Amino acid sequence: MDKKNFKKIYNSPDEASKDVLFDGMTIMSGGFGLCGLPENLILAIKKSGVSNLSVISNNAGTEGYGLGLLLETKQIKRAISSYVGENKLFEQQYLSGEIELEFNPQGTLAERIRAGGAGIPAFFTATGVGTIVSKNKEIKTFNDKKYVMETGLVADLSIVKAWKGDKAGNLIYRKTARNFNPIMATAGKVTVVEVEELLNVGELDPDQVHTPGIYVHRIIKGKNYSKAIENLTFRDI
Amino acid sequence: MSWSREKMCQRAAKELKDGDYVNLGIGMPTLVANYIPKNLNITLQSENGMLGMGPFPVKGEEDPDLINAGKQTITALPESSYFSSADSFAMIRGGHIDLSILGAMEVSCKGDLANWMIPGKMVKGMGGAMDLVAGVKKVIVLMDHNAKNGSPKILETCNLPLTGEKVVNLIITNLGVFEVDEGIKLLEYADNVSKEDIVNNTDAKVSFPD
C-alpha cells in the first residue's frame, strides 16, 4: 500500500529509545495525573537503568504508576513539576534531599514548554509575581502591571502518549488525555510517541490532526495500557 | 450557629452569573457545581484541558481519558471541548475566565492569598492556582473561617508563602461573606453569627455595615 519508506516506525519502546538515553539527560514526560501517560516508554526507561535524570512533567505519578516507577529505582535526580501531592515517595525523597525539585505554576510550566518548542527563549507572565516563584527573576512593568520573566524549556527527549497516529507521525489525542502531550511533542530534541492505534497515512483526517508529524521523530504502537484511574468518582443517581 | 459546608457552597453559587465561564478549585469549591441554579448557563473549565465539564459519571460510564483537575472521573456535555495545557492556561492567563473559586490556608486584608505550601512540612505544589489568581477576572475564596486548630485564617499579613498578591476579591466562610478592597468589609452574616464572633475569629480589621 504505502510505497514510501516511513522511517519513524519502531517495533518496540526499547528499540525506539535505547540509543537516545544517557545518564544525566533531561526528559519531558506527557500526562496529567495518570491520564495520558506514555506508559510503555516510561517502562523502557526504567528497564534501561539510565540515571541522574532531570524530568519535566506536570506530576510525579503515584506509587507504581507513571514516573513513580522511576522514583522507586532512584533514576530521577531532579524534577520540574507543578504538583506532586499524589506521590508520598516523591515527598520523602525530596524532604530527605535525595531529589531536587523545582515547582513551576502549571500554566507557566505549560507556556515554558510551548515557548521552548516554538523557539522563544523567554516570555513575561503575571503568574507568580510577588511570590517565591519570581525570586531572583527579572521583573518588568507593562501597562502599569508587573510581570516576571520565565524561560523556555526544551529536553533531550520528549516521551508522548497519543490516541491515534499515522506512519508520518501525525497525532490525535483523546479527551483530557491530551494535556501536556502536544506541547511536549514540540520541545524534544528527540520526540518519541506511543499510540494506541497506529494507522496508515490517509487514515487520519488532516483537518483533525492535533500534532503534525514534523514534531514526531519516532512512533510505536503501545500495548497493555493500565490507564489507572486515580480518583474514581461517581454521581448519586 | 454559622453555615454548614452545604450552605457555604450554596452561597458561593449565588455569585455565578448567566453566561459565566468558571473554574472551581479542588475540594469544597468543586461542590459548588451541585448548587448552580438550573436557569443559568454556566460553563465549567477544568485546567487540565476541558471546557463544559459535565457531572460525575454513573457506574460503567467512567473513562480514564476523561478526568478533572482533581483527577476525578467526569463526563462531557454536548457543548464540551478539549485542548492542551498551553491553550488551557492561555484562557486563564489571558483573562477569558470570569470567575475562579478556590480554597485557602490564609488570606490577608489586602487580598494576598496563601494556599499551596507549608515550608518544611508540605510539598505538594501550586498546580494551577498561581495562574488562576493572576489571570481570572474575579477570585473568590471559599474556606472555613478558622484553621483546624482554631487559629484565624483571615490575617493582617499572610505568614505562609503566597500564591498571589492582592488577588482575592471576595471571601465566603462559615461565618459570613467578606469583600476585599482596601481592607476587609463584611457584606453578609452567616446564620446566627454576631459581629463579636467575627471580630474574635479574625486577625485583621473588619469594617461592618452601620
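Scroll up a little and you will see the structure.
Owing to the predicted nature of the structure, the values given are computational and were not obtained by experimental measurement. The numbering scheme is per chain: residues are counted from 1 as the chain's sequence reads. All chains are assigned letters beginning at A, and all ligands numbers beginning at 1, according to the order in which they are written. Under the rules for a predicted model, residues below a pLDDT of 70 receive no local features and side-chain atom pairs below 80 are neither given nor counted, while totals for whole chains, interfaces and linings still include all residues. The basis for the side-chain values is all heavy atoms of the structure; hydrogens and waters are excluded.

**Quick look at the packing of helix α5 (residues 106–117) of chain A against helix α3 (residues 85–93) of chain B**
Working step 1: Interaxial angles span 0 to 180 degrees and are taken between N-to-C directions of axes, which are lines fitted to C-alpha atoms, for helices over the stretch in contact. Helix and strand definitions follow DSSP, with helices as H or I runs of at least four residues and strands as E runs of at least two, each counted in order from the N terminus. Taken N-terminus to C-terminus, the directions of α5 of chain A and α3 of chain B make an angle of 125°; their axes are 9 Å apart at the nearest point. The angle between α5 of chain A and α3 of chain B falls in the class oblique. Between α5 of chain A and α3 of chain B the crossing geometry is left-handed. On the side of α5 of chain A, the interface is formed by Gln-106, Gly-107, Thr-108, Ala-110, Glu-111 and Arg-114 of chain A, while α3 of chain B contributes Ser-85, Ala-86, Phe-89 and Arg-93 of chain B. These descriptions rest on fixed angle ranges, namely under 35 degrees for roughly parallel, over 145 for roughly antiparallel, 65 to 115 for roughly perpendicular, and the rest for oblique. The crossing is said to be left-handed when, going from far helix to near helix, the turn is anticlockwise and less than a right angle, and right-handed when the turn is clockwise. It only takes one pair of heavy atoms within 4.5 Å for two residues to be counted as in contact.

**Quick look at the interface of chain A and chain B**
Working step 1: Listed per partner, the contact involves 50 residues of chain A and 50 residues of chain B.
Working step 2: By definition, the buried area sums, over both parts, the 1.4 Å-probe accessible area that each loses when the two are put together. Where chain A abuts chain B, roughly 4,100 Å² becomes buried across the two surfaces, and 62% of that area is made up of carbon and sulfur atoms.
Working step 3: Any carboxyl oxygen of Asp or Glu that lies within 4 Å of a side-chain nitrogen of Lys or Arg is treated as forming a salt bridge with it. With a shortest N-O distance of 3.1 Å, Lys-175 of chain A and Asp-63 of chain B are connected by a salt bridge.
Working step 4: Contacts described as polar in this section are N or O atom pairs within 3.5 Å, which, within protein, must combine one atom able to donate a hydrogen with one able to accept it, while residues neighboring in sequence count only if both atoms come from side chains. Applying the counting criterion to the chain A and chain B interface returns 27 residue pairs in polar contact (both at pLDDT 80 or more).
Working step 5: Of all the elements in the fold, those that place two or more residues in the side of chain A that touches chain B are α4 (88–95), α5 and α6 (181–186) of chain A.

**Quick notes on the sheet that holds strand β7 (residues 113–114) of chain B**
Residue and element names in this part refer to chain B.
Working step 1: Strand order across the open sheet formed by 3 strands is β7-β6-β9, with mixed pairing between neighbours. Two strands in the sheet have a free side with no partner beyond their single neighbour: β7 and β9 (154–155).
Working step 2: Whether two strands pair depends on DSSP finding at least two bridges between them. Bridge count for strand β6 (residues 106–108) against β7 is 2 bridges, and the pairing is antiparallel. Directly across from Val-107, in β7, lies its bridge partner Leu-113.

**Points about the sheet that holds strand β7 (residues 145–151) of chain A**
Residues and elements named next belong to chain A.
Working step 1: Read across the sheet, 3 strands follow the order β5-β7-β6 without closing on themselves; strand pairing throughout is antiparallel. The open sheet terminates on both sides in strands that have one partner only, identified here as β5 (122–125) and β6 (139–142). Each adjacent strand pair in this sheet contributes to an overall mean axis angle of 40°, direction not counted.
Working step 2: Strand contacts of α5: β5 and β7, with the helix running at about 150° to β5, the strand carrying the most contacts.

**Thoughts on the environment of Asn-23 of chain B**
Residue and element names in this part refer to chain B.
Working step 1: One can find Asn-23 in strand β1 (residues 21–24).
Working step 2: Partly exposed describes any residue whose relative accessible area lies between the buried limit of under 20% and the exposed limit of over 50%, with all areas from a 1.4 Å probe on protein chains only and scaled to the type maximum. Since its relative accessible area comes to 1%, Asn-23 is described here as buried.
Working step 3: Separated by 11 residues in the primary sequence, Asn-23 and Asn-34 have C-alpha atoms spaced 14 Å apart.
Working step 4: A polar contact of 3.0 Å, which involves the side chain of Asn-23, links it to the side chain of Glu-47.

Read these as geometric descriptors, not functional statements.
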